[in-house]
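What follows is the residue order along each chain.
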Amino acid sequence: MEFFERFAVPHPSPAIYASMVAIVLVSIAIVVGITYFKKWGYLWREWLTTVDHKKIGIMYLISALLMLFRGGADAIMMRAQLAKPENTLLDAQHYNEIFTTHGVVMIIFMAMPFIFAFMNIVVPLQIGARDVAFPRLNAISFWLFFAGAMLFNISFVVGGSPDAGWTSYFPLAGTDFSQSVGTNYYMIAIQISGIGSLMTGINMITTILNMRAPGMTLMKMPMFTCSSFISCIIILFAFPVLTIALIMCTTDRLFATNFFTSTDGGMDMLWANLFWIWGHPEVYILILPAFGIYSEVISTFSQRNLYGYKSMVGSMVIISLLSFFVWTHHFFTMGQGALTNSIFSITTMAIAVPTGVKIFNWLLTMYKGKIRFTVPMLYAVGFIPLFTVGGVTGVMLAMSAADYQYHNTMFLVAHFHNTIIPGVVFAMLAGLTYYWPKMFGFMLNERIGKWGFWFLTIGFCLAFFPMYITGLDGQARRMYTYSESTGFGPLNMLSFIGAGLMAIAFIIIVYNVLYSIKNSPRNVGDEPWNARSLEWATHNPVPEYNFARTPHVASSEAFWDAKKKGHELFKGEIEKIHMPNNSGVPFIMGIIFFICGFSFVFALWIPVVVSLIGIFACMTLRSFEKDDGRYISADEVKATEAKFGGAKS
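Residues numbered from 1 in each chain as written. Predicted model: local features only at pLDDT ≥ 70, side-chain atom pairs only at ≥ 80, totals over all residues. Heavy atoms only, no water.

Regarding its fold elements, the protein chain presents 21 helices and two strands. What you see for the protein chain is a C-alpha radius of gyration of 25 Å, in line with the 26 Å of a compact globule of 649 residues. On the principal axes, the C-alpha backbone points of the protein chain span a range of 70 × 60 × 50 Å. Surface accessibility of the protein chain: about 26,600 Å² in total, with carbon and sulfur atoms responsible for 69%. (Helix = DSSP H or I, 4+ residues; strand = E, 2+ residues; numbered from the N terminus. Rg over C-alpha atoms; globule rule 2.2 N^0.38 Å. Areas by Shrake-Rupley, 256 points an atom, 1.4 Å probe, with all protein chains shown as cover.)

See below:
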């Protein structure tokens, strides 16, 4: 009985029981379906053991979309709870859990894998590489992310979800106030996923520095690759801080150390500092690759080269530097003193300048351009005014004196979503539509895609703009209810309606995928958008080896120059191509990390020790393994090129 009580969910509800049943039924259905269609071998050979950067990118993409709907469901429940005064749809405990998991899922397990998906799919193609520098490490990175995501997502049915907010501030996250294992899930799951993120950052930096095509200098890289490179440098410096902070928190909770406790020499504000030293650069880890996607999309559909390439690169470098000097603006009201607040207020305002430079770069790119309002371009054009509103409200929040009015109100919630949703989610949906033929060989339906865009944009405005008003009127964030006398009810109902429209938008996007799989033509060609950069110089979908011959680059828009100026991209004859072998070890390590993490959550030390031995055994096996890869013969390459309709690359 004691064993079962240990794993029980605190405050169970019908929704929890329904979720448990749904998880079991869906799991059974998946196993039965794979068995019935005899796909276990295919699944193992082509996906679970793959080291192909494109397939790993697609798996990141699928995971991100699943997490988008998980986090979206949390958001709908929160907006439904606040839609009317003194609502009883959720009690305080469940609201805290949903509020916490929504933030973590959307930032760590949705936005990050979305970014990594496009890094994996696009960066090697844009620099003319066969794969990433460390293919097997890339696979391990994905499976560690996936293990962390799954560990976090089982918390609400096994043991209870974290409830201390997505920032998990102390002392609320300590054992005195968070007695369930929910915060343990938070610490361990993000730790496992974060290790994978750090590996990806190292891998991408190495790939970009060492595997660029001949002639591609750092200042001739396409803008998405350039933005990804800078983002990964931020990862390299920011994620170790989070790793150490999570280790310290875990020892506080499991081994009674006192790093962040309010007594015995601990310092709860130390957690806030360490968290935001990672947390604010994390915003730019997400936003810079999104800026890269917008640059590719706006340039392509304006049919003009990107205006001010050097200023774009320079502004991103400045943003990356300043991102490490603004973290204290997250707690202006927590007692640092006027001098500290003033310094961080200035640095926070300063970071708006290079961001504003990019807005003008995009506008001037579109100026006198022959704009085609495709679905990706609609997201890019919609992003500019919405993100600008978010940026302006950010400058308002940067004024430390005024922040005493704004802080901890719905105004801040509106600002944050006003930057992240147009800045990241719109970019990811633009990139999803733009690169869909590159991944799958056919296009998403434009008409249905435009319906999705308009529902999402209108729903977004209705959902978050009212929060600016209620926030200025004093509605506190993180509160699960409010009284009717406050007068917040009508605007909160409007926000709920907006959230409903956003949910419909995502349903439309899913329908678009299903519709296009069934009805879209498969003969869209290799460059359906008349694009400009190197990833479009190969076939759709991309062959395993990416390019039959290594491209030779003369500018950041090498493919456009090859089409319009006659530059010769591909020289020489087709030769045999070296490729890495698949491996099941990354997948197995992901499973072992999941078991280790789960055991840590519940302080089951024997399984922890056994799983740690398993992890080191996998690492040792790799150290002694002799794997020189394999070759695709020139004849096989020629046959593949012929199947695609001729040797393009």
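Moving on: helix α15 (residues 410-440). Along α15, the sharpest kink reaches roughly 45°, centred on tyrosine 434 and followed within four residues by the proline proline 437. Burial analysis of α15 places 29 of its 31 residues in the buried class, the great majority of the element. Looking one or two residues past α15, glycine 441 carries a phi angle of roughly 85°, positive in sign. (Bend = angle between axes of the 7 residues up to and from the residue. Buried < 20%, exposed > 50% of the residue type's maximum accessible area, 1.4 Å probe, protein only.)

What the rule picks out here adds up to 58 aromatic pairs. Note on phenylalanine 275 and tryptophan 278: the rings are 5.4 Å apart at their centroids and 75° apart in plane angle, and the pair reads as edge-to-face. Of the two residues, phenylalanine 275 and tryptophan 278 are both situated in helix α9 (residues 268-302); the distance of three residues between them amounts to about one turn of the helix. Aromatic ring contacts, followed pair by pair, group Trp44, Tyr60, Phe109, Phe116, Phe142, Trp143, Phe145, Phe146, Phe152 and Phe587 into a single cluster. In this structure, arginine 70 is placed above the aromatic ring of phenylalanine 156, and the distance from its NZ or CZ to the ring centre is 5.0 Å. It is arginine 522 that lies over the ring of phenylalanine 442; its NZ or CZ is 4.0 Å from the centre. (Phe/Tyr/Trp six-rings, centres within 6.5 Å; stacked < 30°, edge-to-face > 60°. Lys NZ or Arg CZ within 6 Å of the ring centre and 35° of its normal.)

Oppositely charged side chains can form a pair if their charged atoms are brought close together. Overall, the coordinates contain 11 salt bridges when judged by the stated rule. Between glutamate 46 and lysine 55 there is a salt bridge whose closest N-O contact spans 2.6 Å. Here glutamate 544 makes a salt bridge to arginine 630, at a shortest N to O gap of 2.1 Å. Linking glutamate 544 in the loop between α17 (489-519) and α18 (558-564) with arginine 630 in strand β2 (residues 630-632), this pair joins segments that are 86 residues apart in sequence. Take arginine 630: its relative accessible area is 29%, and that puts it in the partly exposed class. One salt-bridge network, in which partners are shared between bridges, spans Arg136, Arg622, Glu625 and Asp627. (Salt bridge = Lys/Arg side-chain N within 4 Å of Asp/Glu carboxyl O.)

On to empty space enclosed by the protein, then. Counted by the stated rule, this structure contains three cavities of 30 Å³ or more. In terms of lining residues, the largest cavity is bounded by Val375, Tyr379, Leu429, Leu432, Thr433, Leu444, Asn445, Gly449, Ile509 and Asn512. Here the lining of the largest cavity gets three residues from one element, more than from any other, and that element is α15. A per-class count over the lining of the largest cavity returns six nonpolar, four polar and no charged. Of the volumes computed, that of the second largest cavity is approximately 60 Å³. In this structure, the second largest cavity is lined by Ile108, Met112, Pro113, Phe116, Phe145, Ile190, Ser193, Gly194, Ser197, Phe239 and Leu242. (1 Å grid on protein atoms, 1.4 Å probe; cavity = no way out; pocket = protein on both sides within 12 Å on 5 of 7 lines; lining within 4 Å. Points joined across faces, edges and corners; volume = space filled by probe spheres on them. Nonpolar A, V, L, I, M, F, W, Y, C, P; charged D, E, K, R; others polar.)

On to helix α7 (residues 182-210). Given 3.6 residues per turn, any residue in an α-helix points the same way as the ones three and four places further on. For α7, with 29 residues, the first-to-last C-alpha span of 42 Å sits near the 42 Å given by 1.5 Å per residue. By the criterion of burial, α7 is predominantly enclosed, with 22 of the 29 residues buried. (Expected span 1.5 Å × (residues − 1).)

It is worth spelling out the confidence of the model for the protein chain at this point. For the protein chain, per-residue confidence averages 92 on the pLDDT scale, and residues scoring 70 or more make up 97% of the total. Of all secondary-structure elements in the protein chain, the lowest mean pLDDT belongs to helix α1 (residues 2-7), at 56, while helix α16 (residues 446-472) reaches the highest, 97. (pLDDT = per-residue confidence, 0-100.)

At a minimum axis distance of 9 Å, the contact between α7 and helix α19 (residues 585-601) shows a crossing angle of 155°. Considered as vectors, α7 and α19 are oriented roughly antiparallel to each other. At the point where α7 passes α19, the crossing takes the right-handed sense. Across the interface between the two elements, Asn184, Tyr185, Ile188 and Ile192 of α7 pack against Phe593, Gly597, Phe598, Phe600 and Val601 of α19. (Axes fitted to C-alpha atoms, helices over the stretch in contact; angles between N-to-C directions. Parallel < 35°, antiparallel > 145°, perpendicular 65-115°, else oblique. Left-handed = near helix turned anticlockwise from the far one by under 90°. Contact = heavy atoms within 4.5 Å.)

It is worth spelling out the environment of alanine 18 at this point. Mapped onto the fold, alanine 18 is located in helix α2 (residues 14-36). The sequence separation of alanine 18 and valine 157 amounts to 139 residues, and the corresponding C-alpha distance is 9.8 Å.

The next point concerns the side chain of threonine 393. Mapped onto the elements, threonine 393 comes out in helix α13 (residues 375-398). According to the relative accessible area criterion, threonine 393 is buried, its value standing at 8%. A polar atom in the side chain of threonine 393 sits 3.4 Å from the side chain of tyrosine 468. Beyond its immediate chain neighbours, meaning those up to four positions away, threonine 393 contacts Phe411, His415 and Tyr468. (Polar contact = N/O pair within 3.5 Å; in protein donor to acceptor, adjacent residues only side chain to side chain.)

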